[in-house]
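The primary structure of each chain is shown beneath.
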Amino acid sequence: MAKPSYSETPSLILESPTIQIKDMSQEDLRGTIEMLNGLTGSGQIPDDCNTKSFYSDISRGHLRQLRLERGRLTYLLSVKPAVSNIYGFLHGGFVAAAAEFLSIACAKTVVGEDKELFIGELSISYLSGAPGNAEVVIDASVLRSGRSLSVVGVAFRLQKTGKLVYTARSTLYNMPMAKL
């Protein structure tokens, strides 16, 4: 295993309940402190994880293409521990990464593979959570596409129930921008 590039051990947020909160028992305060202390990360990033495109490779490793057509993509996402938060649900940052990846890929089916695109806006609604080991079907479709920008909508649904868990909408700008 690679040697961590950062070795300082993080300190606890609070070591003991030395504060008092009105109408909160010592037991509840201690439980809250233990929960907060559990949220701290290890602070260590192994060197093999500190490489170009590392996160993109993890992201694409959890996505499998189901359908590709002009202006529309469908992918399957497996919710595994590597992309889950501490509560066992799909991490919100991964939802954003998947929405960005699929938005760009979907727009390229309309504007062309040779066009450079950059994301100008990404809005996400976290309606519910996708639990661990769930399969999520992600549908991306171009809502509008013109000479200088494209708008893509992305829907995340649980495969088992069809329940909508996240939605995203992105505005992508085509490069190069119009010459002045």
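Residues numbered from 1 in each chain as written. Predicted model: local features only at pLDDT ≥ 70, side-chain atom pairs only at ≥ 80, totals over all residues. Heavy atoms only, no water.

In the annotation of an unreviewed UniProt entry, the protein chain is listed under the name Thioesterase domain-containing protein and assigned to Citrullus colocynthis. According to UniProt, the comment filed for the protein chain under the heading Sequence similarities (unreviewed entry) is "Belongs to the thioesterase PaaI family." (UniProt positions renumbered as here; feature names shortened; annotations may be inferred.)

Draft legend 1. Broad picture of the overall build of the protein chain. Scanning the protein chain for helices and strands turns up 3 helices and 6 strands. Along the protein chain, helices and strands appear, N-terminal first, in the series α-α-β-β-α-β-β-β-β. Looking at the protein chain residue by residue over its 180 residues, the buried ones come to 30%. Restricting to contacts in the protein chain with at least 6 residues of sequence separation, those with at least 24 account for 62%. For the protein chain, the accessible surface area stands at approximately 11600 Å², while carbon and sulfur atoms represent 53% of it. (Helix = DSSP H or I, 4+ residues; strand = E, 2+ residues; numbered from the N terminus. Buried < 20%, exposed > 50% of the residue type's maximum accessible area, 1.4 Å probe, protein only. Contact = heavy atoms within 4.5 Å. Areas by Shrake-Rupley, 256 points an atom, 1.4 Å probe, with all protein chains shown as cover.)

Draft legend 2. Highlighting the sheet that holds strand S2 (residues 72-78). Taken in spatial order, the 6 strands line up as S1-S2-S4-S5-S6-S3 in an open sheet, and their pairing is antiparallel. Two strands in the sheet have a free side with no partner beyond their single neighbour: strand S1 (63-69) and strand S3 (116-126). If you compare each strand with its neighbour and ignore which way they point, the axes differ by 20° on average. Taken together, the 10 bridges between S3 and strand S6 (residues 164-175) define a ladder with antiparallel strand orientation. The residue bridging Ile119 from the neighbouring strand is Leu172, located in S6. (Pairing = 2+ DSSP bridges. Axes fitted to C-alpha atoms, helices over the stretch in contact; angles between N-to-C directions.)

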